[in-house]
Each structure stands twice: as structure tokens, then as C-alpha cells.
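Coordinate inspection notes
Single-letter residue listing:
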Amino acid sequence: MRTGSEPTTARSALRLRFWLSAWGLIWAIFGTVAFALVGRPGWAAACGVLWVIVTLDMTMIIRHIHQGPHYQPGRDIPPYRPPEHRLR
């Protein structure tokens, strides 16, 4: 059922985002170290920038998880407010 308020009531799978960010963080760290050891400073810098971006994203994800049900509602909370009346 669509209510028209989906953009304001949308929910994100924060735990999935966290684990995908963790996977990206591992690869960014690996890429930074590997390219630095091989002598590719440009690629090492690019992976370093990615490392910072992923770390900031993980910080925001953890912050939203810790803020509780307002940002991460449980399965018993509907993703939208049901309409008060229906248009036909």
C-alpha cells in the first residue's frame, strides 16, 4: 500500500549497511597498504581517501543504530503510517 509519504518514512537496513561497510573498510585498508608497499602512491592515496569515507559512513551507521527505534524500527513497527481515509 502506498501512502505518498514513503520518502519520509523509508527505513534502511542499517545492519546490512554496517557489514557491507566493514567489508569495504577491509578492502580499503588492504588496498592502501598493498599499493603503498608496491610503490603506487596515487592508488594508495585513492584507497586512503576511500578508507576515510567508509570510516565516516560506518560512524554514521553506528550512530543511527545506537539512536534506537526512531532510525531502526523493529519488525512490529510498520514502515508507514496507515492512511486515515482511502481515496477511490
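What counts and how
- Residues numbered from 1 in each chain as written.
- Predicted model: local features only at pLDDT ≥ 70, side-chain atom pairs only at ≥ 80, totals over all residues.
- Heavy atoms only, no water.
- Core = buried A, V, L, I, M, F, W, Y, C linked by side-chain atoms within 4.5 Å.
- Buried < 20%, exposed > 50% of the residue type's maximum accessible area, 1.4 Å probe, protein only.
- Helix = DSSP H or I, 4+ residues; strand = E, 2+ residues; numbered from the N terminus.
- Salt bridge = Lys/Arg side-chain N within 4 Å of Asp/Glu carboxyl O.
- Expected span 1.5 Å × (residues − 1).
- Contact = heavy atoms within 4.5 Å.
- Patch = residues over 30% accessible without salt bridge, like charges linked within 9 Å, V, L, I, M, F, W, Y side chains within 5 Å.
- Areas by Shrake-Rupley, 256 points an atom, 1.4 Å probe, with all protein chains shown as cover.
- Phe/Tyr/Trp six-rings, centres within 6.5 Å; stacked < 30°, edge-to-face > 60°.

An unreviewed UniProt entry lists the chain under the name DUF6343 family protein, with Streptomyces sp. R21 as the source organism.

**Quick look at the nonpolar core**
Grouped burial of nonpolar side chains is what soluble globular proteins tend to show. By size, the foremost hydrophobic cluster in this structure holds seven residues: L14, F18, A22, L25, V54, M58 and I61. Elements supplying a minimum of two residues to this core: α2 (14–38) and α3 (41–66). Considering each element in turn, this core owes the most residues, four residues, to α2.

**A look at the pattern of salt bridges**
Enumeration over the complete set of coordinates arrives at one salt bridge. One salt bridge connects D57 with R17, and the closest N-O pair in it is separated by 3.3 Å. Of the two residues, D57 is situated in helix α3 and R17 in helix α2; the sequence distance between them amounts to 40 residues. Given a relative accessible area of 35%, R17 falls into the partly exposed group.

**Considerations on α3**
Look at α3: 37 Å from first C-alpha to last across 26 residues, which is about the 38 Å you get at 1.5 Å a residue. Here α3 has its buried residues at A44, C47, V54, M58 and I61. Buried residues along α3 sit against α2.

**Considerations on a nonpolar patch on the surface**
On the surface, a cluster of nonpolar side chains totalling about 480 Å² of accessible area is made up of I29, V33, L37, V38 and W51. Considering every element that reaches the nonpolar patch, the biggest residue donor is α2, with four residues. You can call V38 exposed: its relative accessible area is 63%.

**Points about the environment of I61**
Relative to the helices and strands, I61 resides in helix α3. In this structure, the C-alpha to C-alpha distance between I61 and A13, residues 48 residues apart in sequence, is 9.9 Å. Apart from the residues within four sequence positions on either side, I61 is in contact with L14, R17, F18 and S21.

**Regarding α2**
Under the 1.5 Å per step criterion, the end-to-end length of α2 is 35 Å for 25 residues, consistent within 8% with the ideal 36 Å. The first or second residue beyond α2 is G39, which carries a positive phi of 95°.

**A short note on the packing of aromatic side chains**
The full count for this structure, using the stated rule, is four aromatic pairs. A centroid spacing of 5.0 Å and a plane angle of 75° characterise the contact between F18 and W19, whose relative ring orientation is edge-to-face. Taken together, the ring pairs connect W23, W27 and F30 into an aromatic cluster.

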